[in-house]
Amino acid sequence: MASQRKQAAQAPAPQGLVPSDAVEQSWDEAAEDGIASAEVENRELTVAAEHHGQRVDKVLALGVSEFSRSYLQQLLADGAVTLNGKVLLKPSVKVAVGERLRVEMRPTQQSMAFQPEAMDLQVVYEDEDLLVINKPAGLVVHPAPGNWTGTLLNGLLARDEKARQVPRAGIVHRLDKDTSGLMVVARNRSTMDALIKMIAAREVSRQYLALAHKQWGSRKRREVDAPIGRDPRNRLRMAVVDLNLHPGKQARTDFDLLDGDAAHSLVRCTLHTGRTHQIRVHMASLGHPLIADTLYGGQPEGGLERQALHAFRLAFEHPVTKKPLVHYAPLPQDMAGALDLWGLRYNLPESL
């Protein structure tokens, strides 16, 4: 990989963009994966006639094409790009023929995010091709604004040398930060591709246990088939939407009451699709927001300070050995404590 990046750095610029200096230092970055070292490389470009009047971000994308556009945009925002010696911050600035651009290709928060960080991960299954992990509540799965470090991805990179060879360290699906439970992680590219196809084909069974507000009612099973999209009134939330009016995707969840009382419901949730916040949105649409899920109308109760949702069962056919795999994760202490407090119990058939 490093030799490929070195070759890319030494490759001639596209026609019309003239590098005026050779690379001053090598910088070990994989733009697609965001992995960076602490070294810095400087690039200088002279704007040719055919690029006169174009936006600087477009000119940079052509002139430094082996790095991602998002990475270059972040460099602009960080003040790492100069035009004729003056710092640029706006990607919309137009350049003129003969002007000189200098880019300090420093590590950004995003590029430094994909670094190994040792952490205690609970692995419930492992072989040469995949892992099954029981993720605790509070652990972010993938680096993102506000959480560039301390994520599951960082932990996987530190735990497994193979994770460095797979996009996103082998993560093929996600759980919300405050949702606990089982996730499958690929350890090589062929397994990752196979798992992604299996999830898209709904060949991976995912079931959750949820604690919700309010009494469930006499109808123990409810099937919700309702599209989900960005909430038009609050862009931080998702919502059930009318696809004739708002963008969204079809979503289906089955809910089965396991136990409850006059104020709480313990529900088994079976996903048939995997939309963002799907269970949380569908439960709220039924009038049963999850305990402590304040984004969707829930309130802290019973010692719970995070949404009461746990991915307790994960079942699929191993993409390599074809062996059926079924894994369970017991309720974490906070949810189990709430059940004890309210006197709720459940029994799950082994055939699930």
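For the structure, check the block above.
As a starting point, this report considers the structure included with it. As the structure is a prediction and not an experimental result, all values here were calculated from the model. (Residues numbered from 1 in each chain as written. Predicted model: local features only at pLDDT ≥ 70, side-chain atom pairs only at ≥ 80, totals over all residues. Heavy atoms only, no water.)

Let us now look at the pattern of salt bridges. The final tally for this structure, using the stated rule, is 20 salt bridges. A salt bridge links R159 to E126, with the nearest nitrogen and oxygen atoms 2.8 Å apart. Taken together, the residues R159 in helix α5 (residues 152-159) and E126 in strand β6 (residues 123-126) connect sequence positions 33 residues apart. D254 is paired through a salt bridge with R221; the nearest N and O atoms lie 3.7 Å apart. Residue D254 is located in strand β13 (residues 252-260), and its partner R221 is located in strand β10 (residues 221-225); the two are separated by 33 residues in the primary sequence. (Salt bridge = Lys/Arg side-chain N within 4 Å of Asp/Glu carboxyl O. Helix = DSSP H or I, 4+ residues; strand = E, 2+ residues; numbered from the N terminus.)

A few words now on the nonpolar core. Core analysis: the biggest nonpolar cluster contains 34 residues, and L152, L156, Y208, F255, C269, I279 and M283 have the highest contact counts within it. Listed by contribution, the elements that provide at least two residues to this core are β7 (130-135), α5, β8 (180-186), β9 (205-213), β13, β14 (264-271), α7 (278-285) and β15 (309-317). If one sorts the elements of this core by residue count, α5 sits on top with 4 residues. Leaving out residues up to four positions away in the same chain, C269 has contacts with R206, Q207, Y208, A210, T253, D254, F255 and I279. Counting residues in hydrophobic clusters, the runner-up holds 19 residues, among them L72, A80, V95 and M105. (Core = buried A, V, L, I, M, F, W, Y, C linked by side-chain atoms within 4.5 Å. Buried < 20%, exposed > 50% of the residue type's maximum accessible area, 1.4 Å probe, protein only. Contact = heavy atoms within 4.5 Å.)

Our next topic: the layout of surface pockets. Computed from the structure, the largest pocket encloses a volume of approximately 1,100 Å³. In this structure, the largest pocket is lined by 40 residues; those nearest its centre are R174, G274, R275, T276 and H277. Of all the elements in the fold, those that place two or more residues in the lining of the largest pocket are α6 (189-200), β9, β11 (228-230), β14 and α7. Each residue belonging to the lining of the largest pocket can be placed in one class, and the counts come to 15 nonpolar, 15 polar and 10 charged. (1 Å grid on protein atoms, 1.4 Å probe; cavity = no way out; pocket = protein on both sides within 12 Å on 5 of 7 lines; lining within 4 Å. Points joined across faces, edges and corners; volume = space filled by probe spheres on them. Nonpolar A, V, L, I, M, F, W, Y, C, P; charged D, E, K, R; others polar.)

All told, the structure shown has 1 aromatic pair when counted by the stated rule. Look at F312 and Y328: their rings are 6.4 Å apart centre to centre, the planes differ by 40 degrees, and that puts the pair in the tilted class. With F312 in strand β15 and Y328 in strand β16 (residues 324-328), this pair connects stretches of sequence that are 16 residues apart. Judged by relative accessible area, which is 3%, F312 ranks as buried. Among the residues examined, Y328 registers a relative accessible area of 39% and is labelled partly exposed. The cationic tip of R222 hangs over the ring face of W216; the distance from NZ or CZ to the ring centre is 4.3 Å. (Phe/Tyr/Trp six-rings, centres within 6.5 Å; stacked < 30°, edge-to-face > 60°. Lys NZ or Arg CZ within 6 Å of the ring centre and 35° of its normal.)

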